[in-house]
Amino acid sequence: MRIFNGGHIDFINVPVLPEEEFRRTVMDLCQNDGRLVNFFGLLEGEGNVRLMAIIGFDEDAIFEIFSMIVTAVHPEFPSLTPELLQAHNFEREIAEQFAIVPCGHPWLKPLRYHANYRGVADLWQDIGSRPIPGTYPFFSVAGEEVHEVGVGPVHAGIIEPGHFRFVCHGEEILHLEIQLGYQHRGIEPMMTKNNLDQCSLLSEAIAGDTSIGHSMAYCEVMEALSGTAIPPRSQAIRGVALELERLANHVGDLGALSLDAGFLPASAYCGRMRGDYLNLLLALTGNRFGKGLCRPGGVLFDMDEDMIKDFCRKLTIYKKEFESVSDLLFTRPSVLARFEGLGVITSDEAKKYGLVGPAGRASQLERDVRIDYATGLWQFNHIPISLGATGDVFARAWVRRQEVMRSLEFLLKILPTLPHGNIFTPLAPLKADGLAIVLVEGWRGEIMHVGITDHQGQLRRYKIKDPSFHNWFGLAQCMRNQEISDFPLCNKSFNLSYCGHDL
Amino acid sequence: MLKIILNRFKQGMKTIAYPKGKAPVLSLRYRGRPVVADSSLAVDLGKTTCSPDNKVSYSNDFRMAVSKREDLILQGQEKKLAQALNKEMLRIFGRSLKLRQVSAGGCNACELDLNVLNTVVFDLSRFGIQFVASPRHADGMVVTGPITRNMREALIKTYEAIPEPKIVIAVGACAVSGGIFAESPESSHGLDAIIPVNLYVPGCPPHPLTILDGLLRLLGKITA
């Protein structure tokens, strides 16, 4: 069954394939231009679980969706991971959420440490009743001079929690394994139990630095499920906010990279300039992270002529300031010497791991939801894709620099020409037995939300995917054969979300 | 080198004058301290996300941090703000306070706005307050997030590793009360159910000024 970004289909039309055909279809499609954008479970009656696969075709702006059933009697299915690495985290998630075994998965261990949704015995004892134990299984290397460095869950700075295990030979990292789950708040099940207002707040807290991205995806899912067409002006304001969010975070990331390269001037300036964009979001939405703006049916805050003029005036100044500071950063030989050739991910590797967002684009993957699956504002206003060539820290920094410039140009172009009209239309009731998918290009990459309703038109499953879900593995892989002291710089070049991953 | 110096001149002085000078006036849409018009109504600032959905009207007053949990329940006109630590604690921490930050299930918004205090705009270290990399180096702990089941143990261990006397600061609606995650089986109902808290900073997330104001009141540097 085919579906567009922001599209709605009747759930009954999602084909159910036999196990072998399901597997073959995934493999065939992923060998021919497709990629696995989502793979998740859904509870059916009698403890059976329906596995839904969504394959994206970036060139054609279309998704193929199909499913298979895993019965409660035989809670297992053959793992796709040995042949399709993109599936490995999805399968670990399915194993944990539904206590189903993906047979043949090469490294099956819990992703977030919580009890399963099926109410049966977990695959791992006690994972739902006690905190994450310190004794996780880790890929280990033996040898006289091999040693391990464990970091976290509490980190040295003001950072979210996660455990990093470096297996090193001297200073060289042989392998890095990252255990997350400490931020797990159980958002997915909460989304099906709460009302619209509460779910809007929850969607803004999936990852606070991506409040606009995730709340926009949530709103669009609800609008698609109910068949509500929202006013063009509200779509445009959401777009403006999303680009402001991207600007704030990219500028902040460049500052953090600069700090870890030991170049303090650019770090201090970027830190302050990040605040300028957050203050624009504050002026627009009343919150520095844009919380409170997007609600199903539109947006809660409008922009008047004065505000638009003020934004344009400020953005013009910020653009000049950014050009000057980024020139300072990217022409500094000592900075470039730190950035170049560090933490390389080749284009083939990036494709194999399924990287998205700036991390993927730095490795020449032409993936950008704003271009590939354009909806709303981006259907009528194009933004060029920003690609890097080398897949290293430099490329990931450079892609951000390009995206900052392009977002600024984009905002300066569209702000004076925002469509007129209302900013909100009441949401119609959700249609029964529907399915809607929405992708949004957040600043870290592809955010995907899927909503499925039951016979009464209530949400029965809400699936959230933050771009970090794909990209954490990229960070771990890029550290191989690097010096352990290079980790902070490589880490900042990805700057992934812990809470977005942990949900 | 010339470029760096030139850029330095262009950037100028960006640190805010507050608290010596005037407090910055925040945007009109900023949702700060709720206005409680009806004295029979009570608003629990510790639970509110300051979202525009509920029927509360907000002022743009960013001063909201308090010393006691019950002071977050707003009723009538009385405004309670954080009190300074006792004399002995002020003698120890008044000029140098080292804090350890533990993120325990937060959405990263509180964490980011704590980080902002270290930018040139707020320049937290001018007040002798710093975030440090080990609980053994710390005088206190700043906690964000609803304290997820998976972070509870790490949080308690961090607290225990900080030498006495120590202070604890809860930042954000989640750490104060569980916030929007209070009903989740994965999270707790506020930090003070686990360890004693000296300063509550409400908000979702609190504005950096709200946090700064709270810290400075705790250290007796703002009394008005």
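Cut-offs applied
Starting from 1, residues in each chain are numbered consecutively following that chain's sequence as written. To read the labels, note that chains go from A and ligands from 1, taken in the order they are written. This being a predicted model, a pLDDT of at least 70 is required before a residue's local features are given, and a value of 80 or more before pairs of side-chain atoms are given or counted; all residues contribute to the totals for chains, interfaces and linings. Neither water nor hydrogens contribute to the side-chain values; these are computed over all heavy atoms in the structure. Between two residues, a contact is recorded if the distance between any of their heavy atoms is within 4.5 Å. Values labelled buried area give the accessible surface lost by two parts on being combined, using a 1.4 Å probe and summing over both. Any Lys or Arg side-chain nitrogen located within 4 Å of an Asp or Glu carboxyl oxygen qualifies as a salt bridge. N or O atoms within 3.5 Å of each other form a polar contact, as long as, within protein, one can give a hydrogen and the other can take it, and as long as residues adjacent in sequence are counted only when both atoms are side-chain atoms. Where helices and strands are cited, they refer to DSSP runs of H or I of at least four residues and of E of at least two residues respectively, numbered from the N terminus. Classes in brief: Ala, Val, Leu, Ile, Met, Phe, Trp, Tyr, Cys and Pro nonpolar; Asp, Glu, Lys and Arg charged; the others, Gly included, polar. Where helices are involved, their axes are fitted lines through C-alpha atoms of the stretch in contact, as for all axes, and angles between N-to-C directions lie from 0 to 180°. The scheme is simple: roughly parallel for angles under 35 degrees, roughly antiparallel for over 145, roughly perpendicular for 65 to 115, oblique for anything else. When the near helix sits turned anticlockwise from the far one by under a right angle, the crossing is termed left-handed; a clockwise turn instead gives a right-handed crossing. Source of the domain bounds: an automatic or database domain assignment. Strand pairing is assigned whenever DSSP detects at least two bridges linking the two strands. For each residue, the accessible area found with a 1.4 Å probe, counting protein chains only, is set against the maximum for its type, and the residue is called buried under 20%, exposed over 50%, and partly exposed in between.

### Description of the interface of chain B and chain A
Where interface size is given, it is often the accessible area lost as the parts come together that is meant.
At step 1: Listed by partner, the interface residues are 56 residues for chain B and 62 residues for chain A.
At step 2: Between chain B and chain A, a total of about 4600 Å² is buried, with carbon and sulfur atoms accounting for 58% of that surface.
At step 3: Looking at the side of chain B facing chain A, the largest losses of area belong to R29, R149 and N150 of chain B, adding up to 15% of the total buried there.
At step 4: K3 of chain B serves as the salt-bridge partner of D327 of chain A, at 3.5 Å between the closest nitrogen and oxygen.
At step 5: Taken together, the connections running from chain B to chain A amount to 25 residue pairs in polar contact (both at pLDDT 80 or more).
At step 6: For the side of chain B that touches chain A, the secondary-structure elements that each account for two or more residues are α1 (2-11), β5 (97-103), α3 (109-115) and α4 (149-161) of chain B.
At step 7: Taken together, the residues of the side of chain B that touches chain A sort by class into 25 nonpolar, 18 polar and 13 charged.

### Notes on the packing of helix α5 (residues 211-226) of chain A against helix α6 (residues 232-260) of chain A
Residue and element names in this part refer to chain A.
At step 1: Axis separation between α5 and α6 bottoms out at 9 Å; the angle between their running directions is 150°. Taken together, the axes of α5 and α6 are roughly antiparallel relative to one another. The crossing of α5 and α6 is left-handed. On the side of α5, the interface is formed by S211, I212, G213, M216, C219, E220 and E223, while α6 contributes R238, A241, L242 and E245.

### Quick word on the domain arrangement of chain A
All names here are of chain A.
At step 1: When its domains are assigned, chain A resolves into domain 1 (2-130) and domain 2 (206-478).
At step 2: Inter-centroid distance (C-alpha atoms) of domain 1 to domain 2 is 27 Å.
At step 3: Listed by partner, the interface residues are 39 residues for domain 1 and 31 residues for domain 2.
At step 4: Here domain 1 meets domain 2 over a buried area of about 2900 Å², counting both sides, of which 60% is carbon and sulfur.
At step 5: Counting the surface domain 1 buries against domain 2, the share from its top three residues, N5, H8 and R35, is 23%.
At step 6: The shortest N-O distance in the salt bridge between R460 and E44 comes to 3.1 Å.
At step 7: Taken together, the links from domain 1 to domain 2 amount to 16 residue pairs in polar contact (both at pLDDT 80 or more).
At step 8: The set of elements that each furnish at least two residues to the side of domain 1 that touches domain 2 consists of β2 (8-10), β3 (34-43), β4 (49-57), β5 (62-70) and α2 (88-98).

### Quick notes on the sheet that holds strand β1 (residues 2-3) of chain A
All names here are of chain A.
At step 1: Overall, antiparallel pairing links the 4 strands, which are arranged β1-β5-β4-β3 in an open sheet. The sheet is open, and its two edges are formed by β1 and β3, each paired on a single side.
At step 2: Alignment of β3 against β4, held across 9 bridges, turns out to be antiparallel. Among the inter-strand pairings, L42 is bridged to a residue of β4, identified as R50.
At step 3: Here helix α1 (residues 19-31) sits on the sheet in contact with β3, β4 and β5, set at roughly 155° to β5.
At step 4: Set on the sheet, α2 makes contact with β3 and β4; between it and β3 the angle comes to about 0°.

### Brief notes about the environment of K352 of chain A
Residues and elements named next belong to chain A.
At step 1: By the element assignment, K352 lies in helix α10 (residues 347-353).
At step 2: Residue K352 is classed as partly exposed on the basis of its relative accessible area, which comes to 47%.
At step 3: Distance in space between the C-alpha atoms of K352 and R35 is 9.5 Å, their sequence separation being 317 residues.
At step 4: The residues touching K352, leaving out its near neighbours within four places in the chain, are L85 and Q86.

### Let's talk about helix α6 (residues 208-218) of chain B
Residue and element names in this part refer to chain B.
At step 1: Burial runs high along α6: 11 of the 11 residues are buried.
At step 2: Buried-residue contacts for α6 involve α2 (87-93), β5, α3, β6 (129-131), β8 (167-171) and β9 (199-201).
At step 3: In the segment just after α6, G220 is the residue with positive phi, at about 70°.

### Let's talk about the environment of N48 of chain A
Residues and elements named next belong to chain A.
At step 1: Looking at the secondary structure, you find N48 in the loop between β3 and β4.
At step 2: Residue N48 is classed as buried on the basis of its relative accessible area, which comes to 18%.
At step 3: Sequence spacing of N48 and L496 is 448 residues, and the spatial spacing of their C-alpha atoms is 34 Å.
At step 4: Once you skip the residues sitting within four places of it in the chain, N48 turns out to touch L42, L43, I69, V70, T71 and A72.

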